[in-house]
Amino acid sequence: MNTTTTKKPSFFSGLTGQILIAMFLGAVLGIIIHNSISAEAAQSFSSKIKMLATVFIRLVQMIISPLVFTTLVVGIAKLGDIKAVGRIGGKALGWFFTASFMSLLLGMFFVNILKPGVGLNLSNVDLASASEVAAKTQSLSFENFIEHIVPKSIFEAMATNEILQIVIFSIFFGLAAASLGSHVKPVINALDKTSHIVLKMVNYVMKFAPIGVFGAIAGVFAVRDFQELAITYFKFFGSFLIGISSLWVVLILVGYIFLKSRMTVLLKRIVGPLIIAFGTTSSEAVFPKLTEELERFGVKDKIVSFMLPLGYSFNLDGSMMYMTFASIFIAQAYGVHLDLGTQMTMLLVLMLTSKGIAGVPRASLVVVAATCGMFKIPIEGIALILPIDHFCDMFRSATNVLGNALATSVVGQWEAENENETVPVE
């Protein structure tokens with residue numbers, strides 16, 4: 001009789017533990033560099049070590065387009081008909097817009113209660129640093145938003161990782177494939193096998209995650225005096241953390257209402273993706289890993305492959321909360337009074353303009369700048385939040401991942417219950 005037992009791997013030998021260690025070591029190295037060399041040398045070090053994070057994110061971006069296309073097409077083909085796609089899509093969009101509205105309201109509530117922008121000293125604000133973000137707002141209009149949704153070329157959309165455009169093409173492709181029935185089974189099977197190959201690539205890419213996180217954290221702390229930032233932005237960052245923490249509480253409570261005890265299992269499953277998103281400030285970086293973990297959690301692959309790409313375009317809870325918070329903060333700092341009606345109008349504008357720009361660098365800031373311009377709030381106010389934005393981005397990226405994991409899991413459970421209840425009537 002074989003009595004050999006396999007030793008359970010320790011926490012720190014797993015990916016999550018390695019990433020936490022990398023974050024700590026990156027922060028320590030960055031602080032040492034910041035305090036021991038000149039500002040110019042620290043800036044040079046930061047740009048070089050951040051290449052580790054850039055390489056990791058590019059490795060992930062390399063596999064996002066083929067993964068979204070193959071999994072979404074296969075998922076829609078497995079759903080079988082337009083009715084099923086419409087039913088799940090309706091549930092998804094209903095959840096996304098409800099969650100977005102709730103997140104925007106929370107941001108509006110806390111910035112009005114805590115008033116972090118009131119009495120802020122506007123001297124020594126680097127207005128030049130806001131010019132890059134402000135320039136991008138010129139192309140943000142309703143017409144450009146509509147054009148951005150529909151791809152003029154699937155190859156261009158894939159080359160630039162425009163997730164929403166890939167989703168639109170994949171939905172049309174998947175519906176067309178489903179309507180042709182058994183004739184296209186070889187194509188669907190080939191795409192299914194391709195998606196599994198890409199998911200296998202995810203395992204290889206994720207081994208580089210701790211190195212990428214180390215580079216990202218070290219690069220930021222090398223050029224930022226954390227103590228000075230903490231003192232200068234204590235009120236803004238503290239108020240933001242209260243708001244984002246409240247959003248986490250709401251999301252987790254909603255999760256327990258719908259998923260019951262399984263919510264605890266889901267949270268354990270997504271710890272790794274949450275920490276990667278937090279460390280790299282990129283929810284996109286965990287898209288493939290999150291796909292894998294949600295399938296392991298028990299959500300059907302056809303639901304995951306349909307929900308997640310949509311969620312990455314329409315369900316960015318952390319970013320939504322930040323947008324109202326930051327926009328009204330800038331108004332407070334410049335003494336611009338916004339009555340409740342104006343703030344609610346701003347909220348609705350943000351609800352629409354924020355959709356589908358997940359692939360835009362510093363997307364939240366671009367939308368905030370555009371919104372400020374619409375409501376006669378000085379756009380240069382973006383410079384107020386730029387120094388602390390990276391740290392806010394860490395929290396909002398992780399929140400986006402939590403929101404999408406929750407939405408996918410709940411809709412997956414609804415669909416499972418719907419299938420179980422669908423019994424032919426005798």
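Residues numbered from 1 in each chain as written. Predicted model: local features only at pLDDT ≥ 70, side-chain atom pairs only at ≥ 80, totals over all residues. Heavy atoms only, no water.

Caption draft 1: View of helix H13 (residues 271-280). By the criterion of burial, H13 is predominantly enclosed, with 8 of the 10 residues buried. Residues of H13 that are buried: Gly272, Pro273, Leu274, Ile275, Ile276, Ala277, Gly279 and Thr280. (Buried < 20%, exposed > 50% of the residue type's maximum accessible area, 1.4 Å probe, protein only. Helix = DSSP H or I, 4+ residues; strand = E, 2+ residues; numbered from the N terminus.)

Caption draft 2: Main features of the packing of helix H11 (residues 234-259) against helix H16 (residues 317-333). Interaxial distance between H11 and H16 falls to 11 Å at its minimum, and their mutual angle equals 145°. Read as a crossing pair, H11 and H16 show a hand that is right-handed. Touching Phe236, Ser239, Phe240, Gly243, Ile244, Leu247 and Leu251 of H11 are Asp317, Gly318, Met321, Tyr322, Phe325 and Phe329, all from H16. (Axes fitted to C-alpha atoms, helices over the stretch in contact; angles between N-to-C directions. Left-handed = near helix turned anticlockwise from the far one by under 90°. Contact = heavy atoms within 4.5 Å.)

Caption draft 3: Looking closely at the pattern of salt bridges. Following the criterion strictly, the structure yields 8 salt bridges and no others. Between Lys91 and Glu415 there is a salt bridge whose closest N-O contact spans 2.7 Å. Taken as a pair, Lys91 in helix H3 (residues 82-114) and Glu415 in helix H19 (residues 382-421) lie far apart in primary sequence, 324 residues in all. Among the ionic pairs, Glu292 bridges to Lys289, the shortest N-O distance being 3.7 Å. One end of the pair, Glu292, and the other, Lys289, are both in helix H14 (residues 287-297), 3 residues apart, so they sit about a helical turn from each other. Judged by relative accessible area, which is 10%, Glu292 ranks as buried. Each of Arg269, Lys289, Glu292, Glu293 and Arg296 takes part in a single network of salt bridges with overlapping partners. (Salt bridge = Lys/Arg side-chain N within 4 Å of Asp/Glu carboxyl O.)

Caption draft 4: Quick peek at the packing of helix H2 (residues 39-79) against H14. Relative orientation of the contacting elements H2 and H14 amounts to 50°, with a least axis distance of 9 Å. With respect to their mutual orientation, H2 and H14 come out oblique. The residues of H14 that touch H2, namely those facing Val60, Ile63, Ile64, Leu67 and Val68, are Phe287, Pro288 and Thr291. For the contact of H2 with H14, the per-class residue count stands at 7 nonpolar, 1 polar and no charged. (Parallel < 35°, antiparallel > 145°, perpendicular 65-115°, else oblique. Nonpolar A, V, L, I, M, F, W, Y, C, P; charged D, E, K, R; others polar.)

Caption draft 5: Geometry of unusual backbone geometry. A positive phi angle, near 55°, is found at Lys260, a position not held by glycine. The residue Lys260 is located in the loop between H11 and helix H12 (262-269) in this model. For Thr281, which is not a glycine, the phi torsion comes out positive at approximately 55°. Within the fold, Thr281 resides in the loop between H13 and H14.

Caption draft 6: Quick peek at the nonpolar core. One finds Phe56 and Ile385 to be the most contacted residues of the largest nonpolar core, which totals 120 residues. It is H19 that contributes the most residues to this core, 16 residues altogether. (Core = buried A, V, L, I, M, F, W, Y, C linked by side-chain atoms within 4.5 Å.)

Caption draft 7: Inspection of the side chain of Asp192 at higher detail. Within the fold, Asp192 resides in helix H8 (residues 185-206). Not counting residues up to four positions away in its chain, the partners in contact with Asp192 are Val74 and Lys78.

Caption draft 8: Expanded view of the confidence of the model for the protein chain. Taken residue by residue, the protein chain gives an average pLDDT of 82. The fraction at 70 or more is 84%. Scored below 50 in pLDDT, residues 1-6 shows 0 contacts in the model against residues more than four places distant or in partner chains. In this model residues 421-426 is a low-confidence stretch, pLDDT under 50, and it forms 0 contacts with partners more than four residues away in sequence or in other chains. (pLDDT = per-residue confidence, 0-100.)

Caption draft 9: Examining the packing of aromatic side chains more closely. Per the stated rule, a full pass over the model turns up 16 aromatic pairs. Ring geometry for Phe236 versus Phe329: centroids 4.5 Å apart, planes at 55°, classification tilted. Of this pair, Phe236 sits in helix H11 while Phe329 sits in helix H16; the two residues are 93 residues apart in sequence, bridging distant segments of the chain. When its relative accessible area of 3% is taken as the criterion, Phe236 is described as buried. (Phe/Tyr/Trp six-rings, centres within 6.5 Å; stacked < 30°, edge-to-face > 60°.)

Caption draft 10: Representation of a nonpolar patch on the surface. The grouping of Ile21, Phe24, Leu25, Val28 and Ile32 at the surface amounts to a nonpolar patch, some 450 Å² of accessible area in total. Under the relative-accessibility criterion, Phe24 is labelled exposed at 57%. (Patch = residues over 30% accessible without salt bridge, like charges linked within 9 Å, V, L, I, M, F, W, Y side chains within 5 Å. Areas by Shrake-Rupley, 256 points an atom, 1.4 Å probe, with all protein chains shown as cover.)

Caption draft 11: Structural context of the side chain of Ser170. As for its position among the elements, Ser170 is in helix H7 (residues 163-179). Relative accessible area serves as the criterion here: at 0%, Ser170 is assigned to the buried category. Not counting the four nearest positions on each side in its chain, Ser170 is found in contact with Val68, Phe69, Leu72, Val73 and Ile76.

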